[in-house]
Amino acid sequence: MEINKINRNVLNAYKTISGAKSPEKKADGYKSGNVDTIEFDFERSIGAAKANIAGKLDAEANTARIEQLQKSYADGGCPVSPEAAAAAVLGN
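Residues numbered from 1 in each chain as written. Predicted model: local features only at pLDDT ≥ 70, side-chain atom pairs only at ≥ 80, totals over all residues. Heavy atoms only, no water.

Asks: Can you help me understand the overall build of the protein in this one?
Replies: Helix and strand counts for the protein come out as three helices and zero strands. Seen in sequence order, the protein has helices and strands lined up from the N terminus as α-α-α. Across the 92 residues that make up the protein, the buried fraction comes to 0%. On the protein, roughly 8,900 Å² of surface is accessible, and the fraction owed to carbon and sulfur atoms is 56%. (Helix = DSSP H or I, 4+ residues; strand = E, 2+ residues; numbered from the N terminus. Buried < 20%, exposed > 50% of the residue type's maximum accessible area, 1.4 Å probe, protein only. Areas by Shrake-Rupley, 256 points an atom, 1.4 Å probe, with all protein chains shown as cover.)

Here is the structure:
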């Protein structure tokens, strides 16, 4: 393997790149030539973050509610009277 040849190629590539002119800015502020752009939708990202947090809170609330109901119904207990359950089913 020739290290000198590799070094020469790297230096030649560097000289070629460093000697190139950067594109001039146009009136609209963008440079001409090959330009990479990134579009970021801030509102959509915030919406996704809100939905993620809301989902986690709902999951925690559901878990807490299930634990509360399990304690209420433990050992055959029922926190609602049979009459109130029947009225709810019948819509009274």
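Asks: Sorry, what's going on with unusual backbone geometry here?
Replies: Glycine aside, residues mostly have negative phi angles, and peptide bonds mostly take the trans form. Even without being a glycine, Asp 75 presents a positive backbone phi close to 55 degrees. Checked against the element boundaries, Asp 75 lands in the loop between helix H2 (42-72) and helix H3 (82-90).

Asks: Would you mind going over the packing of aromatic side chains with me for this structure?
Replies: Here a ring pair, both rings aromatic, is described through the centre-centre distance and the interplanar angle of the planes. Throughout the structure, instances matching the rule amount to one aromatic pair. Ring geometry for Phe 40 and Phe 42: centres 6.4 Å apart, planes at 50 degrees, overall tilted. Judged on exposure class, the residue Phe 40 and its partner Phe 42 are both exposed. (Phe/Tyr/Trp six-rings, centres within 6.5 Å; stacked < 30°, edge-to-face > 60°.)

Asks: Where do I start with H3 in this structure?
Replies: The buried fraction of H3 amounts to zero of the nine residues, a small share that puts the element mostly on the outside. Positive backbone phi, at 80 degrees, marks Gly 91, one or two positions downstream of H3.

Asks: Hey, could you run me through a nonpolar patch on the surface in this one?
Replies: On the surface, a cluster of nonpolar side chains totalling about 350 Å² of accessible area is made up of Phe 40, Phe 42 and Ile 46. Here Phe 40 is to be found in the loop between helix H1 (3-19) and H2. Residue classification places Phe 40 among the exposed positions, given a relative accessible area of 62%. (Patch = residues over 30% accessible without salt bridge, like charges linked within 9 Å, V, L, I, M, F, W, Y side chains within 5 Å. Salt bridge = Lys/Arg side-chain N within 4 Å of Asp/Glu carboxyl O.)

Asks: Just checking my understanding: could you explain the confidence of the model for the protein for this structure?
Replies: A low pLDDT means the predicted coordinates there should not be read in detail. Averaged over all residues, the pLDDT of the protein is 77; the fraction at 70 or higher stands at 71%. Looking at the elements of the protein, mean pLDDT is at its lowest for H1, recorded as 66, and at its highest for H3, recorded as 90. (pLDDT = per-residue confidence, 0-100.)

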